[in-house]
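Descriptive analysis of the structure
Chain by chain, the residues:
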Amino acid sequence: MRVETIQKPVVHIIDDDISMREALAGLFDSVGLQTETYSTANDFLYAKPIGQPGCIVLDVRLPDMNGLEFQNRLTQIGIGIPVVMMTGFGDITMSVKAMKLGAVDFLSKPFRDQDMLDAVLAAIERDRQRRAIDDNVSQIRKRFDTLTRREQEVMSHVAAGRMNKQVAGDLGISEITVKIHRGAAMHKMGARTYAELVRMADALNLDRNKIGG
């Protein structure tokens, strides 16, 4: 019998100051959060610890790259773990740029323990939501891949707001055939209503012109 397990979140602490790493690890441990520590950004990138939900707590001034460069690197390699940045410089310009790049929070040292905990818990919740959405889209994509080419074409046209008669004209098939493929697509996708089919198509960013081409 398969036992369902809930993955515990991990807080990844990146700071070249060992005393700060240890202090933060102790703080998060006090509220039951698991931690991993790294002295450089590259140490984290080499480890690629992306299997569990969590967040990154990052010093914006690191010896190998700054926080903004690190965020850009995460985006480039497709890592979506939320980032909480720390700085001892109070750099307002950098904090604005960090938030625009997706940082959950930007805390100036010294910060209150509660402020850090609040930021980390918000980041972990954001990561859980992101992973749930990604999992849902992955399931929708798997269903879409079971459709025939024609069913995919019909679904993309119908979801774009085209009427059955218009879809028939677009694809050069009869309206009856459109209805058959539309019904088959809805069944395979598990869509009970037209609105559900549209939401699924939106989640997949379907382009009827590309699929129809």
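Along every chain, residues carry numbers that run from 1 in the direction the sequence is written. Local features in this predicted model are restricted to residues of pLDDT 70 or higher, and side-chain atom pairs are both shown and tallied only at a pLDDT of 80 or more, whereas totals for entire chains, interfaces and linings draw on every residue. With hydrogens and water set aside, each side-chain value is computed from the structure's full complement of heavy atoms.

Details of the environment of G67
Secondary structure follows DSSP: runs of H or I at least 4 residues long count as helices, runs of E at least 2 residues long count as strands, and numbering of each begins at the N terminus. Relative to the helices and strands, G67 is located in helix α3 (residues 67–76). Once the C-alpha coordinates of G67 and A103 are considered, the two residues, 36 residues apart in sequence, prove to be 9.8 Å apart. Residue contacts are counted whenever heavy atoms from the two residues lie within 4.5 Å of one another. Here G67 is in contact with L58, V60 and M85, once residues within four sequence places are set aside.

Some details on the confidence of the model for the protein
Do not read the predicted coordinates in detail wherever pLDDT is low. Per-residue confidence for the protein averages 86 on the pLDDT scale, and 90% of its residues sit at or above 70. Each residue carries a pLDDT value, the predictor's own confidence for that position, ranging from 0 to 100. When mean pLDDT is compared element by element in the protein, helix α1 (residues 18–30) scores highest at 96, while helix α10 (residues 208–212) scores lowest at 59. Counting contacts from residues 1–5, a segment whose pLDDT is below 50, to residues more than four positions away or on other chains yields 0 contacts.

Considering the environment of G51
By secondary structure assignment, the location of G51 is in the loop between α2 (41–47) and β3 (54–59). Separated by 42 residues in sequence, G51 and P9 place their C-alpha atoms 9.9 Å apart. If sequence neighbours within four positions are ignored, G51 has contacts with Q7 and R131.

Brief notes about the packing of α1 against helix α5 (residues 113–145)
When two helices pack together, their arrangement is given by the angle between the helix axes and by the axis-to-axis distance. Axis lines are fitted through C-alpha atoms, for helices just across the contact stretch, and the angle between N-to-C directions can take any value from 0 to 180 degrees. Across the interface, α1 lies against α5 with an axial gap of 11 Å and an inter-helix angle of 70°. Between α1 and α5, the angle falls in the class roughly perpendicular. Note that α1 runs across α5; the crossing there is right-handed. Residues L24, L27 and F28 of α1 lie in contact with α5, whose contacting residues are D113, M116, L117 and V120. Taken together, the residues of the contact of α1 with α5 sort by class into 6 nonpolar, no polar and 1 charged. Angular relationships are summarised with four words: roughly parallel below 35 degrees, roughly antiparallel beyond 145, roughly perpendicular across 65 to 115, and oblique for the angles in between. Helix crossings are classified by the rotation of the near helix relative to the far one: an anticlockwise turn of less than a right angle makes the crossing left-handed, while a clockwise turn makes it right-handed. Classification used: nonpolar for Ala, Val, Leu, Ile, Met, Phe, Trp, Tyr, Cys and Pro, charged for Asp, Glu, Lys and Arg, polar for all others including Gly.

What about the packing of aromatic side chains?
Paired rings are identified among Phe, Tyr and Trp, the last through its six-membered ring, by centres lying within 6.5 Å, and are further divided according to the angle between planes into stacked (under 30 degrees), edge-to-face (over 60) and tilted (the rest). Summed over all chains, the structure comprises 2 aromatic pairs. Consider the rings of Y38 and F44, whose centres lie 5.4 Å apart with planes at 85°: the pair is edge-to-face. For the pair shown, Y38 and F44 are each scored as buried. Judged by centre distance (5.8 Å) and plane angle (70°), the ring pair of F44 and F70 falls under edge-to-face. On the criterion of sequence distance, the pair formed by F44 in helix α2 and F70 in helix α3 is long-range, its members being 26 residues apart. Both residues of the pair, F44 and F70, belong to the buried class. Three or more aromatic residues link up through ring pairs in this structure, and these residues are Y38, F44 and F70. For every residue, the accessible area (1.4 Å probe, protein chains only) is compared with the maximum for its type, and the residue is labelled buried under 20%, exposed over 50%, or partly exposed between those bounds.

Side note on the sheet that holds strand β5 (residues 105–108)
Read from one edge to the other, the open sheet built from 5 strands follows the order β2-β1-β3-β4-β5, with strand pairing classed as parallel. What marks the edges here is a single partner per strand, and that holds for β2 (34–38) and β5. On average, adjacent strands in this sheet sit at an angle of 20° to one another, irrespective of strand direction. Here the rule is simple: two strands pair whenever DSSP picks up at least two bridges between them. In this sheet, β3 lies alongside strand β1 (residues 10–14) in parallel orientation, the contact comprising 5 bridges.

Things to note about the pattern of salt bridges
The rule for a salt bridge is simple: a side-chain nitrogen of Lys or Arg has to be within 4 Å of a carboxyl oxygen of Asp or Glu. Evaluated as defined, the whole model comprises 11 salt bridges. Residue K109 pairs with D59 through a salt bridge whose shortest N-O separation is 2.5 Å. Highlighted residues: K109 in the loop between β5 and α5 and D59 in strand β3, separated in sequence by 50 residues. A relative accessible area of 24% places K109 in the partly exposed class. The shortest N-O distance in the salt bridge between R130 and D127 comes to 2.6 Å. Highlighted residues: R130 and D127, both in helix α5, separated by 3 residues, approximately one helical turn. Residue classification places D127 among the buried positions, given a relative accessible area of 0%. In this structure, a network of salt bridges that share partners links the residues D127, R130, R131 and D134.

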